[in-house]
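Below, each chain spelled out in residue letters.
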Amino acid sequence: MSHDTQRKGYVIAVDGITDVDRFMDEYLPAAGETVADHDGEVLVGSTDIDVIEGDWDHSLTVVLEFPSVEAAEEWYNDDTYQELKRVRHETCEYTDLIITSSFSPDDLD
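Just so we're clear, the structure is a prediction, and the values are computed from it rather than from any experiment.

**Student:** Go over the overall build of the chain with me, naming the residues and quoting the values.
**Tutor:** When you go through the chain residue by residue, the secondary structure sums to 3 helices and 4 strands. Starting at the N terminus, the α and β elements of the chain follow one another as β-α-β-β-α-α-β. Taking 109 residues into account, the globule formula puts the C-alpha radius of gyration at 13 Å, and the chain, at 15 Å, falls close to it. In terms of overall dimensions, the chain has C-alpha extents of about 45 × 35 × 20 Å along its principal axes. Across the 109 residues of the chain, 36% fall into the buried class.

**Student:** Account for helix H1 (residues 20–37), with residues named and values stated.
**Tutor:** Look at H1: 24 Å from first C-alpha to last across 18 residues, which is about the 26 Å you get at 1.5 Å a residue. Of all the bends in H1, the greatest reaches close to 35 degrees and is centred on Tyr27; the proline Pro29 follows between one and four positions later. Where H1 is concerned, the buried positions are Phe23, Tyr27, Ala31, Thr34 and Val35. Positive backbone phi, at 60 degrees, marks Asp39, one or two positions downstream of H1.

**Student:** Quick rundown of the sheet that holds strand S2 (residues 41–46)? Include the residues and the values.
**Tutor:** Read across the sheet, 4 strands follow the order S2-S3-S1-S4 without closing on themselves; strand pairing throughout is antiparallel. The two strands at the open ends of the sheet, each matched to only one other strand, are S2 and strand S4 (92–101). In this sheet, adjacent strand axes meet at a mean angle of 15 degrees when their direction is disregarded. Relative to strand S3 (residues 60–66), S2 runs antiparallel, the two sharing 5 bridges. Paired with Ser46 across the bridge in S3 is Thr61. The sheet contacts of helix H3 (residues 79–91) involve strand S1 (9–17) and S4, and relative to S4 the element is tilted by about 130 degrees.

**Student:** Residues and numbers for the packing of aromatic side chains, please.
**Tutor:** Tallied over the entire structure, the rule returns 6 aromatic pairs. Ring geometry for Phe23 and Tyr27: centres 4.9 Å apart, planes at 40 degrees, overall tilted. One end of the pair is Phe23 and the other is Tyr27, both in helix H1 and 4 residues apart, which spans about a single turn. Assessed through its relative accessible area of 1%, Phe23 is described here as buried. Taken together through their ring pairs, the aromatic side chains of Phe23, Tyr27, Phe66, Trp75, Tyr76 and Tyr81 make up a single cluster.

**Student:** Tell me about a nonpolar patch on the surface, and name the residues and values.
**Tutor:** On the surface, Val20, Met24 and Leu28 cluster together to form a nonpolar patch covering roughly 230 Å² of accessible area. Position of Met24 relative to the elements: it lies in helix H1. Taking relative accessible area as the criterion, Met24 reaches 34% and is therefore assigned partly exposed.

Cut-offs used in this document
Residues numbered from 1 in each chain as written. Predicted model: local features only at pLDDT ≥ 70, side-chain atom pairs only at ≥ 80, totals over all residues. Heavy atoms only, no water. Helix = DSSP H or I, 4+ residues; strand = E, 2+ residues; numbered from the N terminus. Rg over C-alpha atoms; globule rule 2.2 N^0.38 Å. Buried < 20%, exposed > 50% of the residue type's maximum accessible area, 1.4 Å probe, protein only. Expected span 1.5 Å × (residues − 1). Bend = angle between axes of the 7 residues up to and from the residue. Pairing = 2+ DSSP bridges. Axes fitted to C-alpha atoms, helices over the stretch in contact; angles between N-to-C directions. Contact = heavy atoms within 4.5 Å. Phe/Tyr/Trp six-rings, centres within 6.5 Å; stacked < 30°, edge-to-face > 60°. Patch = residues over 30% accessible without salt bridge, like charges linked within 9 Å, V, L, I, M, F, W, Y side chains within 5 Å. Areas by Shrake-Rupley, 256 points an atom, 1.4 Å probe, with all protein chains shown as cover. Salt bridge = Lys/Arg side-chain N within 4 Å of Asp/Glu carboxyl O.

Here it is as structure tokens:
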């Protein structure tokens, strides 16, 4: 992935939560703090979505915005988050997660 420090970085995740209480109590609040520590913002964090095409059987859909892709990667690789990731894995059947940059017309070239 090419890095452009001028473009915002996004983390997009979908989870299949199996232990809702533990996920909401142990993982979510602490993960939110780590996002804020890296100047990130939760843009989407929804369990109530409207499927308008295809299949979407995920328990939770999340979109995080960071100042850059590098900031998103630093958040994900942060030692504190790495500990929390263990809780996420224990409370979810799966998590699909990507890091990407914001769109630029140059992407079409």
